[in-house]
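Below are the chains, spelled out letter by letter.
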Amino acid sequence: MRTVRPRSLRNLKPERGLHASQPPVDTMGKVERPSLESLIMDFAMSLTRRATCKRAQFSCVITSEDMTQIYGFGYNGTAKGFSHDDCKFDQPGNCQCVHAEQNALIKVRVNDPRKVVFVTGQPCVTCAKLIINSGASKVYYRSAYRSDEGLELFKRAGVEVERV
């Protein structure tokens, strides 16, 4: 009798880590491990594939301060139930899509005043205000935005920011 693996596992090769018998080791015999920040940003980057905005794809992940719990995540796109054609992708700043940070923040059900926000793109000024009001202690972002107003607000509010 033939065993069939789920479709998602059929193409994974052992050298990619799924069935590897040994963890990656450097020349001194120590295990090389990515940082939690790096892993969470990788997760955020993979979430951009869910974005429905036609112009740009962004995502956001919100975690506990120690980064062991994910409180919520979101990606940018049209409002729930609306057609993806409602995205006015040719009008930057006016595309009518909900931002990734907004989608992530509305899903957080924990009142943690030290939450950490990971965003694949530097937050705009409106999203920066929302993040500040949510009580975030730190923001990690990947790509730059056309305006630094959001970063300036974080600085004024005492929220740590780091580009990774």
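The model shown is predicted, which means the values in this text are computed figures rather than measured ones.

## Topic: the sheet that holds strand β5 (residues 160–163)
Item 1. The five strands lie next to each other as β2-β1-β3-β4-β5, forming an open sheet whose pairing is mixed. Edge positions in the sheet fall to β2 (70–75) and β5, since each of these pairs with one other strand and no more. Mean inter-strand twist for the sheet, computed between neighbouring axes without regard to direction, equals 15°.
Item 2. The pairing of strand β1 (residues 59–63) with β2 spans five bridges and is classified as antiparallel. Paired with Ser59 across the two strands is Tyr75, which belongs to β2.

## Considering the layout of surface pockets
Item 1. Taken as a whole, the largest pocket encloses approximately 410 Å³ of empty space.
Item 2. As for the largest pocket, its lining consists of 22 residues, of which Arg55, Phe58, His99, Cys124 and Tyr145 are closest to the centre.
Item 3. Split into classes, the residues belonging to the lining of the largest pocket amount to 11 nonpolar, eight polar and three charged.
Item 4. Taken as a whole, the second largest pocket encloses approximately 290 Å³ of empty space.
Item 5. Residue lining of the second largest pocket: 15 residues in total, with Tyr75, Thr78, Ala79, Lys80 and Asn103 positioned closest to the centre.

## Brief notes about the nonpolar core
Item 1. If you look at the biggest cluster of nonpolar residues, it comprises 16 residues, and the most contacted ones within it are Cys60, Ile62, Val117, Val119, Ile131, Val139 and Phe154.
Item 2. Among the elements of the structure, β1, α3 (100–105), β3 (116–121), α4 (125–134) and α5 (149–157) are those that each provide at least two residues to this core.
Item 3. For this core, the element with the highest residue contribution is α3, accounting for three residues.
Item 4. Excluding anything up to four places from it in sequence, Phe154 contacts Pro123, Ala128, Ile131, Ile132, Val139, Val159 and Val161.

## Details of α5
Item 1. For α5, every residue scored as buried is listed here: Gly150, Leu153 and Phe154. In an axial view of α5, the angular spread of the buried residues amounts to 100°, which keeps them on one side of the axis. Opposite the buried face of α5, by more than 90 degrees, sit the exposed residues Lys155 and Arg156.
Item 2. In this structure, the buried side of α5 is in contact with α4, β4 (138–143) and β5.
Item 3. At the C-terminal side of α5, Gly158 shows a positive phi close to 80°.

Parameters and conventions
- Residues numbered from 1 in each chain as written.
- Predicted model: local features only at pLDDT ≥ 70, side-chain atom pairs only at ≥ 80, totals over all residues.
- Heavy atoms only, no water.
- Pairing = 2+ DSSP bridges.
- Helix = DSSP H or I, 4+ residues; strand = E, 2+ residues; numbered from the N terminus.
- Axes fitted to C-alpha atoms, helices over the stretch in contact; angles between N-to-C directions.
- 1 Å grid on protein atoms, 1.4 Å probe; cavity = no way out; pocket = protein on both sides within 12 Å on 5 of 7 lines; lining within 4 Å.
- Points joined across faces, edges and corners; volume = space filled by probe spheres on them.
- Nonpolar A, V, L, I, M, F, W, Y, C, P; charged D, E, K, R; others polar.
- Core = buried A, V, L, I, M, F, W, Y, C linked by side-chain atoms within 4.5 Å.
- Buried < 20%, exposed > 50% of the residue type's maximum accessible area, 1.4 Å probe, protein only.
- Contact = heavy atoms within 4.5 Å.
- Arc of directions from axis to C-beta.

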